[in-house]
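# A structural walkthrough
Okay, here's what each chain looks like letter by letter:
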Amino acid sequence: MEEPEMQLKGKKVTDKFTESIYVLANEPSVALYRLQEHVRRSLPELAQHKADMQRWEEQSQGAIYTVEYACSAVKNLVDSSVYFRSVEGLLKQAISIRDHMNATVQGHSPEELPPPSSA
(Lines give C-alpha, C1' and ligand atoms only; values in the text may rest on other atoms or scores of the structure.)
Protein backbone atom coordinates (compact mmCIF):
# COMPACT_ATOMS: atom_id res chain seq x y z
CA MET A 1 0.00 0.00 0.00
CA GLU A 2 2.80 2.23 0.76
CA GLU A 3 4.44 1.79 -2.60
CA PRO A 4 1.45 2.83 -4.76
CA GLU A 5 0.96 5.84 -2.51
CA MET A 6 4.62 6.71 -2.95
CA GLN A 7 4.29 6.28 -6.70
CA LEU A 8 1.25 8.51 -6.71
CA LYS A 9 3.10 11.22 -4.79
CA GLY A 10 6.11 10.80 -7.10
CA LYS A 11 3.84 11.15 -10.13
CA LYS A 12 2.31 14.32 -8.70
CA VAL A 13 5.74 15.76 -8.02
CA THR A 14 7.00 14.93 -11.50
CA ASP A 15 3.82 16.27 -13.09
CA LYS A 16 4.16 19.55 -11.16
CA PHE A 17 7.85 19.70 -12.04
CA THR A 18 7.09 19.08 -15.73
CA GLU A 19 4.34 21.70 -15.67
CA SER A 20 6.68 24.22 -14.05
CA ILE A 21 9.39 23.54 -16.63
CA TYR A 22 6.83 23.89 -19.43
CA VAL A 23 5.54 27.24 -18.04
CA LEU A 24 9.06 28.56 -17.55
CA ALA A 25 10.09 27.43 -21.02
CA ASN A 26 7.10 29.13 -22.64
CA GLU A 27 7.08 32.28 -20.53
CA PRO A 28 9.50 34.22 -22.79
CA SER A 29 7.40 33.21 -25.80
CA VAL A 30 4.25 34.53 -24.14
CA ALA A 31 6.01 37.77 -23.20
CA LEU A 32 7.34 38.22 -26.72
CA TYR A 33 3.92 37.44 -28.16
CA ARG A 34 2.32 40.07 -25.91
CA LEU A 35 5.01 42.57 -26.84
CA GLN A 36 4.54 41.90 -30.54
CA GLU A 37 0.78 42.19 -30.10
CA HIS A 38 1.18 45.55 -28.35
CA VAL A 39 3.56 46.86 -31.03
CA ARG A 40 1.23 45.78 -33.82
CA ARG A 41 -1.68 47.54 -32.13
CA SER A 42 0.10 50.79 -31.27
CA LEU A 43 2.50 51.19 -34.22
CA PRO A 44 0.03 52.81 -36.66
CA GLU A 45 -0.89 55.45 -34.10
CA LEU A 46 2.77 56.09 -33.27
CA ALA A 47 3.59 56.41 -36.97
CA GLN A 48 0.77 58.94 -37.37
CA HIS A 49 2.06 60.95 -34.41
CA LYS A 50 5.54 60.94 -35.92
CA ALA A 51 4.22 62.19 -39.27
CA ASP A 52 2.21 64.91 -37.50
CA MET A 53 5.25 66.02 -35.52
CA GLN A 54 7.38 66.20 -38.66
CA ARG A 55 4.72 68.29 -40.41
CA TRP A 56 4.44 70.63 -37.40
CA GLU A 57 8.22 70.96 -37.29
CA GLU A 58 8.32 71.96 -40.96
CA GLN A 59 5.56 74.52 -40.42
CA SER A 60 7.34 75.86 -37.35
CA GLN A 61 10.62 76.19 -39.24
CA GLY A 62 8.81 78.13 -41.97
CA ALA A 63 7.20 80.44 -39.42
CA ILE A 64 10.52 80.98 -37.64
CA TYR A 65 12.19 81.87 -40.94
CA THR A 66 9.39 84.33 -41.74
CA VAL A 67 9.66 86.02 -38.34
CA GLU A 68 13.46 86.25 -38.56
CA TYR A 69 13.18 87.74 -42.04
CA ALA A 70 10.62 90.31 -40.83
CA CYS A 71 12.81 91.23 -37.85
CA SER A 72 15.75 91.71 -40.18
CA ALA A 73 13.67 93.97 -42.44
CA VAL A 74 12.54 96.09 -39.47
CA LYS A 75 16.13 96.39 -38.23
CA ASN A 76 17.24 97.51 -41.68
CA LEU A 77 14.46 100.13 -41.71
CA VAL A 78 15.59 101.46 -38.34
CA ASP A 79 19.19 101.55 -39.54
CA SER A 80 18.15 103.48 -42.66
CA SER A 81 16.45 106.30 -40.71
CA VAL A 82 19.56 108.44 -41.30
CA TYR A 83 18.99 108.18 -45.04
CA PHE A 84 15.29 109.01 -44.68
CA ARG A 85 16.17 112.17 -42.73
CA SER A 86 18.63 113.15 -45.46
CA VAL A 87 16.00 112.62 -48.16
CA GLU A 88 13.50 114.65 -46.10
CA GLY A 89 15.97 117.54 -45.90
CA LEU A 90 16.64 117.41 -49.63
CA LEU A 91 12.90 117.40 -50.36
CA LYS A 92 12.36 120.46 -48.16
CA GLN A 93 15.20 122.22 -49.94
CA ALA A 94 13.76 121.30 -53.34
CA ILE A 95 10.31 122.61 -52.32
CA SER A 96 11.88 125.88 -51.14
CA ILE A 97 13.76 126.29 -54.42
CA ARG A 98 10.59 125.53 -56.39
CA ASP A 99 8.62 128.14 -54.43
CA HIS A 100 11.41 130.67 -55.01
CA MET A 101 11.42 129.95 -58.73
CA ASN A 102 7.62 130.19 -58.97
CA ALA A 103 7.68 133.55 -57.24
CA THR A 104 10.38 134.80 -59.61
CA VAL A 105 8.39 133.69 -62.64
CA GLN A 106 5.28 135.52 -61.36
CA GLY A 107 7.15 138.80 -61.44
CA HIS A 108 8.51 139.27 -57.99
CA SER A 109 12.08 140.35 -57.83
CA PRO A 110 14.46 137.94 -56.13
CA GLU A 111 15.26 140.60 -53.53
CA GLU A 112 11.67 140.54 -52.27
CA LEU A 113 11.74 136.79 -51.66
CA PRO A 114 13.32 135.05 -48.75
CA PRO A 115 16.35 132.98 -49.78
CA PRO A 116 15.82 129.25 -50.27
CA SER A 117 16.45 127.41 -47.07
CA SER A 118 19.29 124.96 -46.98
CA ALA A 119 18.82 121.78 -45.08
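Residues numbered from 1 in each chain as written. Predicted model: local features only at pLDDT ≥ 70, side-chain atom pairs only at ≥ 80, totals over all residues. Heavy atoms only, no water.

- The chain goes by Protein MEF2BNB in an unreviewed UniProt entry, where it is assigned to Galeopterus variegatus.
- Recorded in UniProt under Sequence similarities (unreviewed entry), the annotation for the chain is "Belongs to the BORCS8 family."
- Regarding the chain, the relevant UniProt record gives this comment under Subcellular location (unreviewed entry): "Lysosome membrane". (UniProt positions renumbered as here; feature names shortened; annotations may be inferred.)

## Focus: the overall build of the chain
- In terms of regular secondary structure, the chain is built from two helices and zero strands.
- Within the chain, the fraction of its 119 residues that count as buried is 7%.
- As displayed, the chain offers around 11000 Å² of accessible surface, 64% of which is attributable to carbon and sulfur atoms. (Helix = DSSP H or I, 4+ residues; strand = E, 2+ residues; numbered from the N terminus. Buried < 20%, exposed > 50% of the residue type's maximum accessible area, 1.4 Å probe, protein only. Areas by Shrake-Rupley, 256 points an atom, 1.4 Å probe, with all protein chains shown as cover.)

## Re helix α2 (residues 81-105)
- Given a rise of 1.5 Å per residue, 25 residues ought to cover 36 Å, and the 36 Å separating the end C-alpha atoms of α2 matches this to within 8%.
- Taken residue by residue, α2 has G89, S96, H100 and A103 as its buried positions.
- Just past α2, the residue G107 takes up positive phi, approximately 105°. (Expected span 1.5 Å × (residues − 1).)

## Side note on the pattern of salt bridges
- Inspection of every chain in the model, using the stated rule, returns five salt bridges.
- The partner of D52 in a salt bridge is R55, with the nearest N and O atoms 2.8 Å apart. In this pair, D52 and R55 both sit in helix α1 (residues 2-79), three residues apart, roughly one turn of the helix.
- The residue E88 makes a salt bridge to K92 at a minimum N-O spacing of 3.8 Å. (Salt bridge = Lys/Arg side-chain N within 4 Å of Asp/Glu carboxyl O.)

## So, the packing of aromatic side chains
- Applying the stated criterion to the full structure yields one aromatic pair.
- Centroid distance Y65 to Y69: 6.3 Å. Interplanar angle 20°. Geometry classified as stacked. Taken as a pair, Y65 and Y69 lie in helix α1 at a separation of four residues, close to a single helical turn. Grouping residues by exposure puts Y65 and Y69 together as exposed. (Phe/Tyr/Trp six-rings, centres within 6.5 Å; stacked < 30°, edge-to-face > 60°.)

## Quick look at a nonpolar patch on the surface
- On the surface, a nonpolar cluster with roughly 480 Å² of combined accessible area is contributed by L32, L35, V39, L43 and L46.
- Mapped onto the elements of the fold, L35 is located in helix α1. (Patch = residues over 30% accessible without salt bridge, like charges linked within 9 Å, V, L, I, M, F, W, Y side chains within 5 Å.)

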